[in-house]
Amino acid sequence: MKAKAAFINETTENALAAAFDEQTRALLCQTLEFLPRTITPDTMQAYRSELAHTEYLFSTWGMPQLTEAQITDVFPNLKAVFYAAGTVQYFARPFLNCGVRVFSAWTANAVPVAEYTVAQIVLANKGFFQGLRRQEKDGRTAFYEYSHSFPGTYRVKIGILGVGSIGSLVLKMLQDYHVETYAYDPFASDEKLQQLGAKRAGLAEIFSECQTISNHIANLPSTQKMLRYEHFSRMKKNATFINTGRGAQVVEEDLIRALREEPDRTALLDVTFPEPPEKESPLWTMPNVILTPHIAGSMNQEIARMGAIAAQEYTALRQGEQTRCEVTLPMLETMA
């Protein structure tokens, strides 16, 4: 007899179809019987009798924030939640407190972010971003001369802030390049950094020594506004700061000040705070700032990778095998 399951989201207009494509749904339906409609907070009571027997929930962006009382009342037999997206910080604790296991496809979402980051690092080390703008304004020679002030990607120092799933993957991918990698993460073990080929370093050393610095620090209250003028002012003349993590970790007026003091510095910002920046923010018009609309993470076909990971985690759990992406209460204290 198949176990009972349901898809759940804030609304019926959601990314569930993209995350759980036909191939993944077919795999899940081999051992699961799903409710015919996506459950939303507004319809939980209407499906109360069916949900009382539901053992597994599947979701993606838009997972509802339920209270412990709702979970124990509506889902008394729930065993696990499988989240085909990244951070579970905003909804996981009540489930975990109720003894419901939570699995996140954060490893899948790390892949496109890491790929995007490494691509930006390689281009940044050749002066591509400002160089292109200078070519548009002053011609090919301006780009050529500017790019020749950069070292390229050989024996160059690259700083990675945060060695969670994304930062770790970036470091792993950079092992294929002849570069020196520096890592800041108070929670990463020496063994982990050694395996990733990275030197442990403080923020001051990374911002002073590295050609390119990329932020992947976990988004926690304790990390907000931790990157300040004392760090950005240490950047080399033509260094690049990349942020695909969270904008709240940056004191933006301090970053703006450092970029204005040295126009050859560059900031590549896929995230800001607020997001997008306020209309009057200098970030929109500064020639050494490249703003992208939060596209580093999974998008379009990449979203299906997260649903596939969620399905793999369910299969491993059902078969009593080792899972890879389970989230625990202690993990929430340090993970993104």
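Below you will find a few notes about this structure. (Residues numbered from 1 in each chain as written. Predicted model: local features only at pLDDT ≥ 70, side-chain atom pairs only at ≥ 80, totals over all residues. Heavy atoms only, no water.)

## So, empty space enclosed by the protein
Short version of the rule: Cavities and pockets were defined on a 1 Å grid built over protein atoms only: a cavity is a set of grid points that admits a 1.4 Å probe from which the probe cannot escape, a pocket is an open set flanked by protein on both sides within 12 Å along at least five of seven lines, and lining residues are those with an atom within 4 Å of any such point. Grid points are joined across faces, edges and corners, and a volume is the space filled by probe spheres set on the points.
Counted by the stated rule, this structure contains 1 cavity of 30 Å³ or more. Considering only enclosed or pocket space, the largest cavity measures out at about 40 Å³ in volume. Lining the largest cavity, in full, are Ala-124, Gly-127, Phe-128, Phe-129, Gln-130, Tyr-146, Phe-150, Thr-240 and Thr-266.

## A short note on the sheet that holds strand E13 (residues 326-327)
As a reminder of what qualifies: DSSP bridges decide pairing: two strands pair if at least two such bridges lie between them. Here a helix means four or more residues in a row that DSSP labels H or I, a strand means two or more in a row labelled E, and each is numbered from the N terminus. Contact definition: two residues touch when any of their heavy atoms are within 4.5 Å. Here the axes come from fitting lines to C-alpha atoms, over the contacting stretch only for helices, and the angles between their N-to-C directions go from 0 to 180 degrees.
Taken together, the 6 strands give an open sheet; going across it, the order is E2-E1-E3-E4-E5-E13, and neighbouring strands pair in mixed fashion. Across the chains shown, the open sheet's two edge strands, defined by having one partner strand only, are strand E2 (32-34) and E13. Direction of pairing for strand E1 (residues 3-7) relative to E2: parallel, over a ladder of 3 bridges. Bridge pairing in E2 places Ala-5 opposite Phe-34. In this fold helix H14 (residues 303-318) packs onto E2, strand E3 (56-59), strand E4 (80-83), strand E5 (101-104) and E13, with an angle of close to 155° to the strand it touches most, E4.

## A word on the environment of Leu-32
With respect to the element layout, Leu-32 can be found in strand E2. Setting aside anything within four residues of it in sequence, one finds Leu-32 in contact with Lys-2, Ala-3, Ala-5, Tyr-56, Phe-58 and Tyr-314.

## Focus: the pairing of E5
For clarity, the threshold we go by: Note on handedness: a clockwise path from strand one over the helix to strand two, with the strands aimed away from the viewer, defines a right-handed crossover.
In this structure, E4 lies alongside E5, joined through 4 bridges in parallel fashion. Within the sheet, the bridge partner assigned to Tyr-83 lies in E5 and is Ser-104. Handedness of the crossover is the feature at issue here: the chain leaves E4, passes through helix H5 (residues 92-97), returns alongside E5, and the resulting connection is right-handed.

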